[in-house]
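Residues per chain are reported as follows:
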Amino acid sequence: MNLLETFRVAFEAIMSNKVRSGLTMLGVIIGVMAVILLVSIGEGAQVYITKELTGLGTNLLIITPGKTSTRGGFHPPSAGTARKLTYDDSLALRRRAWLLTDAVPLVFGTGKIKYQNMGRDMMIIGTTPEFQRVRNLFVGTGNYLSQGDVDSKSKVIVLGTKVKEELFGAENPLGKVVTLSDARYRVIGVMQKKGTSLGMDIDDIVYVPVTSGQELFDTDALFEIIASTPRSEDVDRAIAQIKDILIRRHAHKEDFTIQTQGAMLSTMNTILSVLTAVLGGIAGISLLVGGIGIMNIMLVSVRERTREIGIRKALGARNKDIMAQFMIEAITLSGAGGVIGILLGVGLALLIPLFVTVLPTSVSAWSIIMAFTFSAAVGVFFGVYPARKAALQDPIHALRYE
Amino acid sequence: MIELSNITKIYRMGNVDITVLSNVSLSVRKGELIAVMGPSGSGKSTLMNMIGCLDRPTSGTYRFEDREISSMTDDELASIRNVKIGFVFQTFNLLPRFSALKNVELPLVYSGVPARLRAERAMPLLRQVGLSDRMYHKPTELSGGQQQRVAIARALANHPPLLLADEPTGNLDSRSGVEILNILTGLNEQGVTIMIVTHDKDVAARCKRTINLKDGRIINDRVNA
């Protein structure tokens, strides 16, 4: 009995019971679809994060107070620390670390912003003019903060577009005075529209000079310093330079942490890879359940066709012919389910971003290949037992079976 | 052609051994037409299964065309059933999903005849049993007699030298039964060795030799006058 013939027989058997075959396949379809869908969501997140992080500007070095670890990882901005990072630290870096193009001091927090009778809580960033350059966020109308504003602790504020819309509507905000946590600030500019990045609404932020921000939050410390170096080859030397300068200023203690963008990226990617694997694994369980469905239905099918098995054996079918017949039936069920599942999974993965913008997806070839191989393997694995049961039937008993 | 010597078959049912055949010796020459008779439980079917290579004896030797059967593998037995032996059952045992033609082609599938040649070989057999106009009918669309004729055509697909019929007329009305019997005796005249298990004395009367079984033993083996 050749392979083509076996396939034909299997196909006829599957078609002779369409509803049952369809429902059995559905288990595999859903399993494969779930694997592809969840893996592509995980991978989409990875692609998205990579794009967003590299889009922040190149070769950024984030200096945070407190010594936590030598590389990578996330740290709360103000971990308990002996000595804080100060505005003077950032000035020292700017003056003496010649490998750095910028060393931008940063404080952030929330505060209530009010204009006339409208007001709400808001993310406030205190920084210097170079912030625009290192973060690729530029002012749209009016002016950004100037060095003069920083030096003189001016009460000036630059609004994100969303804040401007909500407080002023169509009105021109330039020169207007808003109240920020009981202090009066003059609006000097509005940022360009930017949208959301990494779950944060960039347009929903206001900027004040770092010195004014420190006063606002009643602190003399910085939350971080963003430094940048023009060439990626210089990152290691730039780190050494920063350490050299800051350690000398901090009583010869390395009480700060420098994170590179590359390290952050690889940390994020590690987390997301694990997440993707976990999602894929959970979906894999449903594929496994689909496989059990196939085994179940194949066992029923073997029992139902006991007499057919007896007849075929009496007419000269060898055990391996019967085995092949039922194996191919199981593999056809799971394989066809796999193909349909792939089509649905890929289709949904491509459709989702059109309707749910926060859920980027990325369909990779390996997830398709893996899902298909896995579903075929499920057919083999769960087909063997019923097929063996069929093949080893005693022909006499099988012929008498009612 | 067939040599059974001291064949014993014992089935184990729980803790009880049931001897179905005991010390049966029998030889069948080429071209014989034999009726096997006996009351229910006398071991007729077991004997036929043994001769048909569907079952193995507990002890004793069975030689088919001078080859020892009891030492053969399952695959070798399957091949003998496929090429050397044709089965006709009381309940026809056709595959309900297949047409008459496909049913007749089934043994050819397992003897490796290419798909395009199978119909060519199956059609003359269906014509021979008088079903040239019923080839594409499913078994459920055929009468009992017609179904049994399909079964005979199927049994003959690989032109086996031996045909085993287990009560072939048992489920048929007398007219269909006579037709089936005519086909079988006709085949015998063409040289096919045939063994028929039957309760029917009229069937036995048309055979050349009658073997009577009782309690797993041959009690009478005579050539009909």
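For every chain, the first residue of the written sequence is number 1, and numbering continues from 1 along that sequence. Naming scheme: in the order in which they are written, chains are lettered from A and ligands are numbered from 1. Only residues with pLDDT of 70 or above have their local features reported here, since the model is predicted, and side-chain atom pairs are shown and tallied only from 80 upward, although totals for entire chains, interfaces and linings are computed over all residues.

**Overview of the overall build of chain B**
At step 1: When helices and strands are counted, chain B shows seven helices and 10 strands.
At step 2: Our radius of gyration looks at C-alpha atoms and nothing else; its globule reference is 2.2 Å times the residue count to the power 0.38. Compactness check: chain B gives a C-alpha radius of gyration of 17 Å against a globular reference of 17 Å for 225 residues, within 12% of the reference.
At step 3: Counting only C-alpha atoms and orienting by the principal axes, one finds that chain B spans roughly 50 × 40 × 35 Å.
At step 4: Taking all 225 residues of chain B together, the buried fraction comes to 46%. Strands are runs of DSSP state E lasting at least 2 residues, helices are runs of H or I lasting at least 4, and numbering of each runs from the N terminus. Partly exposed residues are those whose C-beta has more than 12 but fewer than 20 other C-beta atoms within 10 Å; with 20 or more the residue is buried, with 12 or fewer it is exposed, and the C-beta atoms are placed from the backbone.

**Observations regarding unusual backbone geometry**
At step 1: Non-glycine residue His252(A) carries a positive phi angle of around 60 degrees.
At step 2: You can see His252(A) is positioned in the loop between helix H8 (235–249) and strand E12 (256–260).
At step 3: Exposure remark for His252(A): the 7 C-beta atoms within 10 Å place this residue in the exposed category.
At step 4: In this structure, Asn23(B) is a non-glycine residue whose phi angle is positive, near 50 degrees.
At step 5: With 14 C-beta atoms counted inside 10 Å, the residue Asn23(B) sits in the partly exposed group.

**Some points on the pairing of strand E11 (residues 224–228) of chain A**
Residues and elements named next belong to chain A.
At step 1: Along E11, five of the five residues are buried, which leaves the element largely enclosed by surrounding structure.
At step 2: Here E11 shows a buried face lined by Glu224, Ile226 and Ser228 and a second buried face lined by Ile225 and Ala227.
At step 3: Note: strand E1 (residues 60–65) against E11, four bridges, orientation antiparallel. Within E11, the residue paired with Ile63 across the bridge is Ile225. Note: two strands are recorded as paired if DSSP finds a minimum of 2 bridges between them.

**Examining the environment of Val32(A)**
At step 1: Within the secondary structure, Val32(A) is located in helix H2 (residues 18–55).
At step 2: Each residue is represented by a C-beta atom placed from its backbone, and any two residues with such atoms within 7 Å are regarded as in contact. Filtering out sequence-adjacent residues up to four positions away, Val32(A) remains in contact with Leu287(A), Gly337(A), Gly338(A), Gly341(A), Ile342(A), Gly345(A), Ala371(A) and Ser375(A).

**What about helix H6 (residues 161–168) of chain A?**
Residue and element names in this part refer to chain A.
At step 1: Listed as buried for H6 are Val163, Lys164 and Leu167. All buried residues of H6 fall inside an arc of 100 degrees around its axis, so they share one side.
At step 2: Two residues or fewer past H6, Gly169 is found with a positive phi of approximately 60 degrees. As used here, the arc belongs to the directions running from the helix axis to the C-beta atoms.

**Section: the domain arrangement of chain A**
At step 1: Note that domain bounds follow an automatic or database assignment of domains. Along its sequence, chain A is organised into domain 1 (3–52 + 267–400) and domain 2 (83–254).
At step 2: Placing the centre of domain 1 of chain A and that of domain 2 of chain A at their C-alpha centroids yields a distance of 55 Å.

**So, the nonpolar core**
Note on soluble globular proteins: their nonpolar side chains tend to be buried together.
At step 1: Counting 116 residues, the largest nonpolar core has Val36(B) and Ile196(B) as the members making the most contacts within it.
At step 2: A total of 13 residues in this core trace back to one element, the largest contributor, which is H2(A).
At step 3: Residues in contact with Val36(B), not counting those within four places in the same chain, are Lys44(B), Leu47(B), Met48(B), Met195(B), Ile196(B), Val197(B), Ile211(B) and Leu213(B).
At step 4: By size, the runner-up hydrophobic cluster in this structure holds 52 residues, among which are Met122(A), Tyr207(A), Val208(A) and Phe256(A). The nonpolar core criterion groups buried Ala, Val, Leu, Ile, Met, Phe, Trp, Tyr and Cys residues into a set whenever they are joined through C-beta atoms within 7 Å.

**Examining the sheet that holds strand E2 (residues 16–28) of chain B**
Residue and element names in this part refer to chain B.
At step 1: Pairing within the open sheet is antiparallel, and its four strands lie in the order E2-E1-E4-E5. Two strands in the sheet have a free side with no partner beyond their single neighbour: E2 and strand E5 (67–68).
At step 2: For strand E1 (residues 2–13) and E2, the ladder comprises nine bridges, and the chain directions are antiparallel. Counterpart to Leu4 in the pairing with E2 is Leu26.

**Observations concerning the packing of helix H5 (residues 144–155) of chain B against helix H6 (residues 174–189) of chain B**
Residues and elements named next belong to chain B.
At step 1: Lines fitted to the C-alpha atoms define the axes, with helices restricted to the stretch that makes contact. Angles between their N-to-C directions range from 0 to 180 degrees. Where H5 meets H6, the closest approach of the two axes is 9 Å, and the angle between their N-to-C directions is 15 degrees. For the element pair H5 / H6, the angle class is roughly parallel. Crossing of H5 over H6 shows right-handed handedness. Two secondary-structure elements touch here, H5 through Gly144, Gly145, Gln148, Arg149 and Ile152 and H6 through Ser176, Glu179, Ile180 and Ile183.
At step 2: Each residue gets one of three labels, nonpolar for Ala, Val, Leu, Ile, Met, Phe, Trp, Tyr, Cys and Pro, charged for Asp, Glu, Lys and Arg, and polar for the others, Gly among them. Among the residues making up the contact of H5 with H6, the classes are represented as three nonpolar, four polar and two charged. To sort the angles, those under 35 degrees are grouped as roughly parallel, those over 145 as roughly antiparallel, those from 65 to 115 as roughly perpendicular, and the leftovers as oblique. If you view the pair so one helix is near and one far, a crossing is left-handed when the near helix is turned anticlockwise from the far one by less than a right angle, and right-handed when it is turned clockwise.

**Comments concerning the confidence of the model for chain B**
At step 1: Per residue, pLDDT measures the predictor's confidence, with a range of 0 to 100. Averaged over all residues, the pLDDT of chain B equals 92, while 100% of them reach at least 70.
At step 2: Both confidence scores are given for the complex: pTM 0.72, ipTM 0.93.

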